[in-house]
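Structural features, examined
This is what each chain is made of:
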Amino acid sequence: MATARFEQLFDKTFPIANNLILTVTEVPECEEELIKLLERAMLRGFDNHARLTQIQLPMERFPFMDSKFWHVPVEDCGKAQVLRFFFEQPETEAH
């Protein structure tokens, strides 16, 4: 998935809730594209005051990935063959 397409998906889905799962069905073909997408997801979450808390990806296709990407846990998505980003926004206090 191209970075521009990721940006469009992120912008459409992010304002929905405090917790967000963004599923990317067009998983990058190569390691370099995957790393760029993961970095972009982390930065976009940070820009929107939401922490990227988990990543799921097809470990079979990307065996080089460790159990963490920076500080974010990485898990296998299994047979789904998708890339999922889990974000959490802090609860806002009512005044």
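Since the structure is predicted, the reported quantities are computational estimates derived from the model, not experimental observations. (Residues numbered from 1 in each chain as written. Predicted model: local features only at pLDDT ≥ 70, side-chain atom pairs only at ≥ 80, totals over all residues. Heavy atoms only, no water.)

Observations concerning the sheet that holds strand 4 (residues 72-76)
- Across the sheet, which stays open at both edges, the five strands sit in the order 1-5-2-4-3 with mixed pairing between neighbours. One side of each edge strand has no neighbouring strand; the edge strands of this open sheet are strand 1 (19-24) and strand 3 (68-69).
- As paired strands, strand 1 and strand 5 (residues 83-88) are joined by six bridges and run antiparallel to one another. Each bridged residue has a counterpart across the sheet, and for Asn19 the counterpart in strand 5 is Glu88. (Pairing = 2+ DSSP bridges. Helix = DSSP H or I, 4+ residues; strand = E, 2+ residues; numbered from the N terminus.)

Brief notes about unusual backbone geometry
- Although it is not a glycine, His49 sits at a positive phi angle of roughly 60 degrees.
- One can find His49 in the loop between helix 2 (31-47) and strand 2 (51-57).
- On the basis of relative accessibility, which here comes to 63%, the residue His49 falls in the exposed class.
- In the Ramachandran plot, Trp70 falls in the positive-phi region, its phi being about 55 degrees despite a non-glycine side chain.
- Assignment of secondary structure puts Trp70 in the loop between strand 3 and strand 4. (Buried < 20%, exposed > 50% of the residue type's maximum accessible area, 1.4 Å probe, protein only.)

Observations concerning the packing of aromatic side chains
- Applying the stated rule across the entire model yields two aromatic pairs.
- Their ring planes at 35 degrees and their centres at 6.4 Å tell us that Phe85 and Phe87 sit as a pair that is tilted.
- Exposure remark for Phe85: the relative accessible area of 0% places this residue in the buried category.
- The class of Phe87 is buried, set by a relative accessible area of 2%. (Phe/Tyr/Trp six-rings, centres within 6.5 Å; stacked < 30°, edge-to-face > 60°.)

Looking at the nonpolar core
- Counting 20 residues, the largest nonpolar core has Leu38, Ile55, Leu57, Met65, Leu83 and Phe85 as the members making the most contacts within it.
- Of all the secondary structure elements, the ones that give two or more residues to this core are strand 1, helix 2, strand 2, strand 4 and strand 5.
- Element by element, the count of residues in this core is highest for helix 2, at four residues.
- Leave out the neighbours within four places in its chain, and Leu38 touches Ile55, Met65, Phe69, Leu83 and Phe85. (Core = buried A, V, L, I, M, F, W, Y, C linked by side-chain atoms within 4.5 Å. Contact = heavy atoms within 4.5 Å.)

Brief notes about the side chain of Thr53
- Inspection of the secondary structure assignment puts Thr53 in strand 2.
- Every residue in contact with Thr53, bar those within four places of it in the chain, is listed here: Val72, Pro73, Phe86, Phe87 and Glu88.

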